[in-house]
There are 2 protein chains.
Amino acid sequence: MGKVRIHMMMSLDGYVAGTNQRVDAPFGDGAEHFLDWVFKQRSFNALFGKEGGETGPTDDVMRETMEGLGAQILGRHMFGGGTGEWPEPAWDGWWGPNPPYHTPVFVVTHHPRQPLVMEGGTTFYFVTDGIESALRQAKDVAGDLDVRIGGGGQIADEYLRAGLVDELELHIVPWIMGDGVRLFAGLGDARPRLEQIRSVAGAEVTHLTYRIVR
Amino acid sequence: MGKVRIHMMMSLDGYVAGTNQRVDAPFGDGAEHFLDWVFKQRSFNALFGKEGGETGPTDDVMRETMEGLGAQILGRHMFGGGTGEWPEPAWDGWWGPNPPYHTPVFVVTHHPRQPLVMEGGTTFYFVTDGIESALRQAKDVAGDLDVRIGGGGQIADEYLRAGLVDELELHIVPWIMGDGVRLFAGLGDARPRLEQIRSVAGAEVTHLTYRIVR
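Per chain, the residues get numbers from 1 upward, laid out in the order the sequence is written. Key to labels: chains lettered from A, ligands numbered from 1, both in the order written. Only residues with pLDDT of 70 or above have their local features reported here, since the model is predicted, and side-chain atom pairs are shown and tallied only from 80 upward, although totals for entire chains, interfaces and linings are computed over all residues. Only hydrogens and water are set aside when side-chain values are computed; all heavy atoms of the structure are taken into account.

**Here we look at the relation of the copies chain B and chain A**
Going by this rule: Least squares is the method used to superpose the copies, on C-alpha atoms of residues holding a pLDDT of at least 70 in both. Whether two residues are in contact is decided by their heavy atoms: any pair within 4.5 Å suffices.
Each copy of the sequence occupies a distinct position, and chain B is placed on chain A by a rotation of 180 degrees and an axial shift of 0.0 Å, giving an RMSD of 0.0 Å. Read as a symmetry element, the transformation amounts to a two-fold axis. Scanning chain B for the C-alpha nearest the rotation axis identifies Gly14 of chain B, at a separation of 2.7 Å. Mapped onto chain A, 100% of the interface residues of chain B are again interface residues, and the two copies thus contact each other with one and the same surface.

Laid out in structure tokens, this is it:
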């Protein structure tokens, strides 16, 4: 059985998005330079079928996090470019015809919809009966490979609260968001115990991996 | 002229202390294992004149952050063991007769008090006319050496808001505090721009140093 991994970038003050998320600003206001480092990476370009970009520890980590994946899970905000209110059925996500997933992707939403087959191996499945169902379906198709929860913050917190996560991969960005969507918000007594299992210094950001201690 | 450095440990969710800070629990509730890593270090023992402890990257970083210091600044909560309401003049801080500072320490407070000379080179000066006065006095005695702002979170944020900090040294602890005192809270338009200048992987925590970009 593969692992269940959350994979997100986080500002130094604990936010994964700013305020007022919308399709033309999926990370919202206050996030102006939050993503600069990722757009430069060779592995990021490769996800979209492009050449070129920076190499180094950050590029290595970003490529590794996409390896060994059998399925992925997204919240409706992540699929909807931060809005969670994507117009259906015309909305195909905000990544274009060839999204950077290249696996089955289970989108947790309240809106039933037929599966959406994209280019490059990505198929979006829309799951309306909750996070546990989405994870069960993802594990079924992933088999011995890992399931990656790609965000946003709300669904990541729901999976943490439910105790369904094995590893947490965070890219700590030298950016103070100030306001917006915080990770680990309102977990209360369900806040996980963590053990640092990897720490990689990139040129601009730091990549931290934690094991959730049961 | 030396640098002005903030030096603090921070939970992965952005807190520097929990709730309900008090003298017998200066980091408050929710911080049970927040400090475990630091108590083990050889450099921590050495600050209290003791032998033994772990060595390695974390110990190296902790020792380096105490080098090259000419003066230090604390908020009243830090001096008061988290309470900010220390009984005067009997209260001599919560570190015992030989505090782990070994330089002049300027405590920003509303309560005037004569300087308090401790063992091991630590003298506490009580500054009642604000953070800029405390920094001016600290720089005067530090000369070419650095001034270290040792916390707590409130005074660190006040110095950040005033644009008076050169570097930020944070120890990222694999701990979810959930509630309490957050760093970078309420900075609004004064939130600093940061550049990662060092990232050191310790066995249990990660040590990040940022330059404040002017």
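This is not the end of the story, as more comes after the structure.
**Let's talk about the pattern of salt bridges**
Using the following cut-off: We define a salt bridge as a contact between a side-chain nitrogen of Lys or Arg and a carboxyl oxygen of Asp or Glu at a distance within 4 Å. Throughout this description, buried means an accessible area under 20% of the type-specific maximum (1.4 Å probe, protein chains only), exposed means over 50%, and partly exposed covers the range between. Runs of E in the DSSP output that reach at least two residues are strands. Runs of H or I that reach at least four are helices, and both are numbered from the N terminus.
Enumeration according to the criterion identifies 26 salt bridges over all chains in this entry. In this structure, Arg22 of chain A engages Asp29 of chain A in a salt bridge whose closest nitrogen and oxygen atoms are separated by 3.1 Å. A relative accessible area of 28% places Arg22 of chain A in the partly exposed class. Look at Asp29 of chain A and you get partly exposed, because its relative accessible area is 31%. Measuring nitrogen to oxygen at the nearest pair gives 2.9 Å for the salt bridge that ties Arg214 of chain B to Asp166 of chain B. With Arg214 of chain B in the segment after strand E11 (206-213) and Asp166 of chain B in the loop between helix H6 (153-161) and strand E8 (167-173), this residue pair connects regions lying 48 residues apart in the sequence.

**Here we look at the confidence of the model for chain A**
The following threshold applies: The score called pLDDT rates the predictor's confidence residue by residue, from a low of 0 to a high of 100.
A residue-level look at chain A finds 99% of positions with pLDDT of 70 or above and a mean pLDDT of 94. For this predicted complex, the interface confidence comes out at an ipTM of 0.95, alongside a pTM of 0.95.

**Here we look at the interface of chain B and chain A**
Many descriptions give the size of an interface as the accessible area lost when the pieces come together. Which entries qualify depends on this criterion: Summed over both partners, the accessible area lost on bringing two parts together, with a 1.4 Å probe, is the buried area. The term polar contact refers here to a pair of N or O atoms within 3.5 Å; inside protein, the definition further demands a hydrogen-donor-capable atom paired with an acceptor-capable atom, and it admits residues adjacent in sequence only when both atoms are side-chain atoms.
With 31 residues of chain B in contact, the opposing surface of chain A contributes 31 residues. Both sides of the chain B and chain A interface together cover about 2,500 Å² of buried area, and 54% of this is carbon and sulfur. Among the residues chain B hides against chain A, the three largest losses belong to Leu12, Ile176 and Arg191 of chain B. Together they make up 26% of the total. On inspection of chain B and its partner chain A, the count reaches 2 salt bridges. For Arg191 of chain A, the salt bridge is made with Glu32 of chain B, and the minimal N-O distance between the two is 3.9 Å. Our count for the contact surface shared by chain B and chain A stands at 18 residue pairs in polar contact (both at pLDDT 80 or more).

**Remarks on the sheet that holds strand E5 (residues 116-117) of chain B**
Hydrogen bonds between backbone atoms are what pair the strands of a sheet, whose relative direction is either parallel or antiparallel. Residues and elements named next belong to chain B. For the record, the criterion: Two strands qualify as a pair provided that DSSP identifies no fewer than 2 bridges between them. Between the N-to-C directions of two axes lies an angle of 0 to 180 degrees, each axis being a line fitted to C-alpha atoms and, for a helix, fitted only over the stretch in contact.
Reading across from one edge, E5-E6-E4-E3-E7-E1-E8-E11-E10 is the order of the 9 strands in this open sheet, with mixed pairing throughout. The open sheet terminates on both sides in strands that have one partner only, identified here as E5 and strand E10 (193-201). Looking at chain direction, strand E3 (residues 69-75) and strand E7 (residues 146-149) are connected through 4 bridges and run parallel. The partner of Ala71 across the bridge, within E7, is Val147. Along the sheet face, helix H3 (residues 57-65) touches strand E1 (4-11), E3, E7, E8, E10 and E11 and points at about 130 degrees away from the line of E10. Docked against the sheet, H6 engages E1, E3, strand E4 (104-108), E7 and E11, running at close to 135 degrees with respect to E1.

**Things to note about the sheet that holds strand E3 (residues 69-75) of chain A**
All names here are of chain A. An order of E5-E6-E4-E3-E7-E1-E8-E11-E10 is seen for the 9 strands of this open sheet, with the pairing classed as mixed. Two strands bound the open sheet, and with one partner strand each, they are strand E5 (116-117) and strand E10 (193-201). Sheet strands in contact with helix H3 (residues 57-65) are strand E1 (4-11), E3, strand E7 (146-149), strand E8 (167-173), E10 and strand E11 (206-213), and its direction is about 130 degrees off that of E10. Where helix H5 (residues 131-142) meets the sheet, it contacts E1, E3, strand E4 (104-108), strand E6 (123-127) and E7, and its direction lies at approximately 160 degrees from that of E3.

**Some details on unusual backbone geometry**
That bond from Gly151 of chain A to Gly152 of chain A is cis: its omega, 0 degrees, falls within 30 degrees of zero. Structurally, Gly152 of chain A is set in the loop between E7 and helix H6 (153-161). Backbone geometry places Asn20 of chain B, a non-glycine residue, at a positive phi of 60 degrees. Locating Asn20 of chain B in the fold gives a position in the loop between strand E2 (15-17) and helix H1 (36-39). In the Ramachandran plot, His102 of chain B falls in the positive-phi region, its phi being about 60 degrees despite a non-glycine side chain. If you trace the backbone, His102 of chain B turns up in the loop between helix H4 (76-79) and E4. Residue His102 of chain B is classed as partly exposed on the basis of its relative accessible area, which comes to 32%.

**Concerning the packing of aromatic side chains**
Note the threshold: Only Phe, Tyr and Trp rings take part, Trp by its six-membered ring, and two of them pair if their centres are within 6.5 Å. Stacked means planes under 30 degrees apart, edge-to-face means over 60, and tilted covers everything else.
Enumeration according to the criterion identifies 22 aromatic pairs over all chains in this entry. Ring geometry for Trp95 of chain A against Tyr101 of chain A: centres 5.1 Å apart, planes inclined by 90 degrees, an arrangement best described as edge-to-face. Measuring from centroid to centroid gives 5.4 Å for Phe79 of chain B and Phe126 of chain B, while their planes differ by 80 degrees, and the two rings are edge-to-face. Taken together, the residues Phe79 of chain B in helix H4 and Phe126 of chain B in strand E6 (residues 123-127) connect sequence positions 47 residues apart. Here Phe79 of chain B and Phe126 of chain B have matching classes, each one buried. Put simply, the rings of Phe79, Trp94, Trp95, Tyr101, Phe124 and Phe126 of chain A touch in pairs and so form one group of aromatic residues.

**Side note on empty space enclosed by the protein**
Any space left empty among the atoms is revealed by the rolling of a water-sized probe across them. Residues and elements named next belong to chain A. The criterion, for reference: Note on definitions: the grid is 1 Å and covers protein atoms alone; a cavity is a set of points where a 1.4 Å probe fits but cannot get out; a pocket is an open set with protein on both sides within 12 Å along at least five of seven lines; lining residues have an atom within 4 Å of a point. Grid points are joined across faces, edges and corners, and a volume is the space filled by probe spheres set on the points. Here the nonpolar group is Ala, Val, Leu, Ile, Met, Phe, Trp, Tyr, Cys and Pro; Asp, Glu, Lys and Arg are the charged ones; every other residue, Gly included, is treated as polar.
Inspection of the entire model under this criterion finds 1 cavity of 30 Å³ or more. In this structure, the largest cavity encloses a volume near 30 Å³. Surrounding the largest cavity, Val61, Thr65, Glu169, Leu170, His171, Arg198, His207, Leu208 and Thr209 form its lining. Elements supplying a minimum of two residues to the lining of the largest cavity: H3, E8 and E11. Among the residues making up the lining of the largest cavity, the classes are represented as 3 nonpolar, 4 polar and 2 charged.

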